[in-house]
Amino acid sequence: MRATHDTRADESGMPGAPIRGQFPIFEHTTYLNSCSQGALSHRVRRAYEEYLDGWDERGAEWEHWVERAETMRAAFARLLRATSDEIAVTTSVSQGVSAIVSALPFERGGRTRIVISEHEFPTVGQIAHAQELRGAEVVHVRPEPDGSTPTERFDAAIDERTALVCCTTVSYRTGHRHDVPAIARIARERGALVLADSYQAVGAIDVDVGSLGADFVTGGTVKYLLASAGLGFLYVRGELLQQLLPTQTGWFADEDIFQMDISDYSPHSTARRFDAGTPPVPNIYAGVAGASIIEEVGIAAIEAHVRRLATRLIEGLDELGATVVTPRDPARRGPLVCVRSTDVRALVAELAAERIVTSERDDNLRIALHLYNSEGDVDTVLDALRKHRHLLA
Ligand SMILES: Cc1ncc(COP(=O)(O)O)c(C=O)c1O
């Protein structure tokens, strides 16, 4: 679906300024919670309606659905600068990560270790520990007291027993960015594979799988890709595909789904072998629409905007004497800024009462910035935090 108006930067330098009006929530709310869920746009709403209208008018639109899924795959590929053949369309990060580990033969000897950062989203840590039932051993890489995890800690944990290293790109808990390219170089030298869960990055900062260097990159559409729950992607580096046989699978992963053949397991030659069952069609309609907004505005412009807003926010928090948990160096953070609170639930509730939507993890208030946020939003939340200064550590 095409934009009905120009979505490029206006003279204020804000890339999303012309498009902010497409997100009705900003009429009454300061929305700073894209780390949990992106705001709903008219375009995504229309995409859901298009799905329902087609169902009403034409009944089963099977071929159109398959085409939509391929359109989504191609959009994910463009966003990550991968090829479509390196992208699986999944229903969640969990599905993609479970498929990866199902292709690693822990119970048949060889490499049995999974190294995980302490900042993995619970699903990644839990899936790793579930592999203990298959003979795997999980090694945790602990962060420094300031929340950062120096690459040397990964260096010390990765060895010839390591099958997989999980280093999330941007921490959902603190906003720290791992040095994934450096970790990936170390892992590759030692023959281990690397997974970079990039849910807290894709859509807001440039995630180029080539320069990231990870073998697997996963994420989904509900946050910075501005669309639905229940839709994700898994990038698998092309050269690896032939050696990975996921045993968590489904008929959409077959080399020919239309053969309906149940006599053997013959996975697709591309990353489609990491697909599973019927694609999440309504979510794909929304996903295509959400990704089109990101692509039209352009990831470089979004990243620069988010970086400027985060700097403004951190400077304002410093003026309040608050404890900012997220690094000041823009290269070491993404779109999420976290600040320590003495009672974070109370703080989120106080802000919500003023129609400022944020979220919390651990003792940190999470303030997420995206293309539709403005300097005004940053100043609004800073003013409110000044008022509730006693709830900041
Ligand atoms: C970093 C990260 N990974 C994964 C997820 C979600 O995983 P799933 O798609 O399996 O629900 C989230 C948030 O919901 C997240 O922030």
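In this text the structure is predicted, and so the values were computed from the model without any measurement. (Residues numbered from 1 in each chain as written. Predicted model: local features only at pLDDT ≥ 70, side-chain atom pairs only at ≥ 80, totals over all residues. Heavy atoms only, no water.)

Examining the overall build of the protein chain
Link 1 in the chain: Counting its secondary structure elements, the protein chain contains 12 helices and 12 strands.
Link 2 in the chain: Scaling as 2.2 N^0.38, a compact globule of 393 residues should have a C-alpha radius of gyration of about 21 Å, and the protein chain matches this with 21 Å.
Link 3 in the chain: Seen along its three principal axes, the alpha-carbon backbone of the protein chain occupies a region of about 65 × 60 × 35 Å.
Link 4 in the chain: The buried share of the protein chain, taken over its 393 residues, is 58%.
Link 5 in the chain: Put simply, 71% of the contacts in the protein chain that link residues at least 6 apart link residues at least 24 apart.
Link 6 in the chain: Approximately 16000 Å² of the protein chain is accessible, and the part contributed by carbon and sulfur atoms is 51%.
Link 7 in the chain: Distance from the positive charge centre (41 side chains) to the negative charge centre (56 side chains) of the protein chain: 4 Å. (Helix = DSSP H or I, 4+ residues; strand = E, 2+ residues; numbered from the N terminus. Rg over C-alpha atoms; globule rule 2.2 N^0.38 Å. Buried < 20%, exposed > 50% of the residue type's maximum accessible area, 1.4 Å probe, protein only. Contact = heavy atoms within 4.5 Å. Areas by Shrake-Rupley, 256 points an atom, 1.4 Å probe, with all protein chains shown as cover. Lys, Arg positive; Asp, Glu negative; His and termini not counted. Charge placed at Lys NZ, Arg CZ, Asp CG, Glu CD.)

Here's the deal with helix H12 (residues 375–387)
Link 1 in the chain: With 13 residues, H12 should reach 18 Å at 1.5 Å per residue; the first-to-last C-alpha distance of 19 Å fits that figure.
Link 2 in the chain: Inspection of H12 places Asp377, Val378, Val381, Leu382, Ala384 and Leu385 among the buried residues, and these make up the whole buried set. All buried residues of H12 lie within an arc of 160 degrees about the axis, which places them on one face of the element. (Expected span 1.5 Å × (residues − 1). Arc of directions from axis to C-beta.)

Points about the sheet that holds strand S9 (residues 336–340)
Link 1 in the chain: If you walk across this open sheet you meet the 3 strands as S9-S12-S11, and the pairing is antiparallel. Edge strands, defined here as strands with exactly one partner in the open sheet, are S9 and strand S11 (359–361). Taking the axes of each pair of neighbouring strands and ignoring which way they run, one obtains an average angle of 35 degrees across the sheet. (Pairing = 2+ DSSP bridges. Axes fitted to C-alpha atoms, helices over the stretch in contact; angles between N-to-C directions.)

Describing the state of the cysteines
Link 1 in the chain: Throughout the structure, instances matching the rule amount to 0 disulfides.
Link 2 in the chain: The closest cysteine sulfur to the non-disulfide-bonded cysteine 35 is located on cysteine 338, 7.4 Å from its own sulfur.
Link 3 in the chain: Cysteine 167 provides the cysteine sulfur closest to cysteine 166, a residue in no disulfide bond, and the two sulfurs are 7.8 Å apart.
Link 4 in the chain: Using a relative accessible area of 2% as the deciding quantity, one classes cysteine 166 as buried. (Disulfide = S-S within 2.5 Å.)

Structural notes on helix H4 (residues 93–102)
Link 1 in the chain: Most of H4 sits inside the fold, with 9 of its 10 residues counted as buried.
Link 2 in the chain: Buried within H4 we find Val93, Gln95, Gly96, Val97, Ser98, Ala99, Ile100, Val101 and Ser102.
Link 3 in the chain: In this structure, the buried side of H4 is in contact with strand S2 (87–90), helix H5 (122–130), strand S5 (162–166), strand S6 (193–197), strand S7 (216–220) and strand S8 (232–236).
Link 4 in the chain: Sitting at the amino-terminal end of H4 is serine 92, which places a side-chain oxygen 3.3 Å from the backbone nitrogen of serine 94. (Polar contact = N/O pair within 3.5 Å; in protein donor to acceptor, adjacent residues only side chain to side chain.)

What about the site of the ligand?
Link 1 in the chain: Within the structure, the ligand sits among Ser92, Val93, Ser94, Phe121, Tyr172, Asp197, Tyr199, Gln200 and Lys223.
Link 2 in the chain: Here an oxygen atom of the ligand and a backbone polar atom of valine 93 are 2.9 Å apart.
Link 3 in the chain: Here the ligand, which alone exposes 400 Å², has 82% of that area covered by the protein.
Link 4 in the chain: Here the residues of the shell around the ligand are counted per class, giving 4 nonpolar, 3 polar and 2 charged. (Near = heavy atom within 4 Å. Nonpolar A, V, L, I, M, F, W, Y, C, P; charged D, E, K, R; others polar.)

Overview of the nonpolar core
Link 1 in the chain: Counting residues in each nonpolar core, the largest one holds 81 residues, and the members touching the most others are Leu80 and Leu385.
Link 2 in the chain: In contact with leucine 80, other than residues within four places in its own chain, are Ile87, Val202, Val207, Asp208, Val209, Val217, Phe233 and Tyr235.
Link 3 in the chain: Formed by 31 residues, the second largest nonpolar core is a distinct cluster that contains Val93, Val97, Ala136 and Leu241. (Core = buried A, V, L, I, M, F, W, Y, C linked by side-chain atoms within 4.5 Å.)

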